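# Descriptive analysis of the structure
What follows is each chain in one-letter form.
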Amino acid sequence: MKKLLGILVMGLLLIPTIAMSGTFKDEEGKFGLKTKKSGFKFHKNFMDHNDYNFQYIQDKTKARAGNYFQRFELRDGDCFRDDFWSDCETDRERVEFSTEPRQAPKGKQCYGFSLMLSKDFFDVAPASTTLGQVHQIGGPTGTASGGLASFPPLIQIDAHKGYLFFNWHELSGSATDVIDKSVYTTLKPLRKMKDVWTDISFCLDFKNKRIDAWVNGIKKVEILKSPIFFKPEGIYFKHGIYRNLISKYKELKNGKMRTQVVFYDEIRRGKSIKKVDRNINPKLKPVD
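Residues numbered from 1 in each chain as written. Predicted model: local features only at pLDDT ≥ 70, side-chain atom pairs only at ≥ 80, totals over all residues. Heavy atoms only, no water.

### Concerning the state of the cysteines
Between two cysteines, a covalent bond joining their sulfur atoms is known as a disulfide. Tallied over the full model, the rule gives 2 disulfides. Here Cys 110 pairs with Cys 203 through a disulfide, and the sulfurs are 2.1 Å apart. Between Cys 110 and Cys 203 the disulfide shows an S-S torsion of about 110°. By sign, it is right-handed. Placement of the pair is Cys 110 in strand E9 (residues 108–117) and Cys 203 in strand E16 (residues 198–205), with a sequence separation of 93 residues. Residue classification places Cys 110 among the buried residues on the basis of a relative accessible area of 1%. Using a relative accessible area of 4% as the deciding quantity, one classes Cys 203 as buried. Across the protein, the way the bonded cysteines pair up, counted in sequence order, is 1-2, 3-4. (Disulfide = S-S within 2.5 Å. Helix = DSSP H or I, 4+ residues; strand = E, 2+ residues; numbered from the N terminus. Buried < 20%, exposed > 50% of the residue type's maximum accessible area, 1.4 Å probe, protein only.)

### Observations regarding the confidence of the model for the protein
Residue-level pLDDT values for the protein average 91, and 92% of them are 70 or greater. Within the model, the stretch residues 1–18 combines pLDDT values under 50 with 48 contacts to residues more than four positions away or in other chains. (pLDDT = per-residue confidence, 0-100. Contact = heavy atoms within 4.5 Å.)

### Here's the deal with the environment of Asp 195
Relative to the assigned elements, Asp 195 resides in the loop between strand E15 (177–189) and E16. We classify Asp 195 as partly exposed; its relative accessible area is 33%. Expressed as a C-alpha distance, the spacing of Asp 195 and Leu 115, which sit 80 residues apart in the sequence, is 9.7 Å.

### So, the pairing of strand E19 (residues 234–244)
Strand residues, when the strand is regular, have side chains that alternate between the two faces of the sheet. Of all the 11 residues making up E19, 11 are buried; the element is thus mostly covered by neighbouring parts of the structure. Burial along E19 is two-sided: the face carrying Gly 234, Tyr 236, Lys 238, Gly 240, Tyr 242 and Asn 244 and the face carrying Ile 235, Phe 237, His 239, Ile 241 and Arg 243 are both buried. Where strand E8 (residues 92–100) lies against E19, 7 bridges are found, and the strand directions are antiparallel. Paired with Ser 98 across the strands is Lys 238, a residue of E19. Across 8 bridges, strand E10 (residues 128–137) lies against E19 in antiparallel orientation. Paired with Gln 133 across the strands is Lys 238, a residue of E19. (Pairing = 2+ DSSP bridges.)

Below you can see the structure in the form of structure tokens.
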């Protein structure tokens, strides 16, 4: 990552902007970010990214809490690959970080994060934009539209057709030929998320078979079903910008994908909603 002198964020020029504290590269050269008091050891990009795709910014006047926040930017053509998967060959673009440690699919697992869209954030429907996921390790597999391999997540937070949605993947069928049905609940209009922080939190209660989600401390989702029908080896949280089926947008607009910029802060996990949501528990200390 190159250190930049300044960058336009939320209409203001921040100097200095890029804080390298907390960032690292592992022995394989993968870029990551360590945080404190978050319930995670680190966030890591297992693919790759350009310098402009991610910045860790120090500015306590703009952060949701504490001194730092994260900036993600995704442009046309920003697709990457690793040893097992290629976004470039599967109609996708992304810059996305995965968290460790992973969690067991038992008891109650709760997640929370603060999200802000840039002032000029553009919805790229009919392509989909995902701004947070709970994914599975060792979960069921199947085939998606177009014949591509499918490894479905449990939860996606989707920005699509003017709204932010909580997307629970209700999976059925068999472990090797899974049927993936998305159950959508509206969280907030995208136009009300520009230049303002929105707190998203949710709990997957595997013991009591229910899913609950909150926006700014207000209950928005209550699903009285088990979060899983196939027990994976583990689950983990991902955040960033992930776009799927980008060819649909390009065909409709006869051009390139639009640039999207999104900000994140206060990314947490815990065993209860009070461990991850500042609105419900104002005593939570900042993660940086």
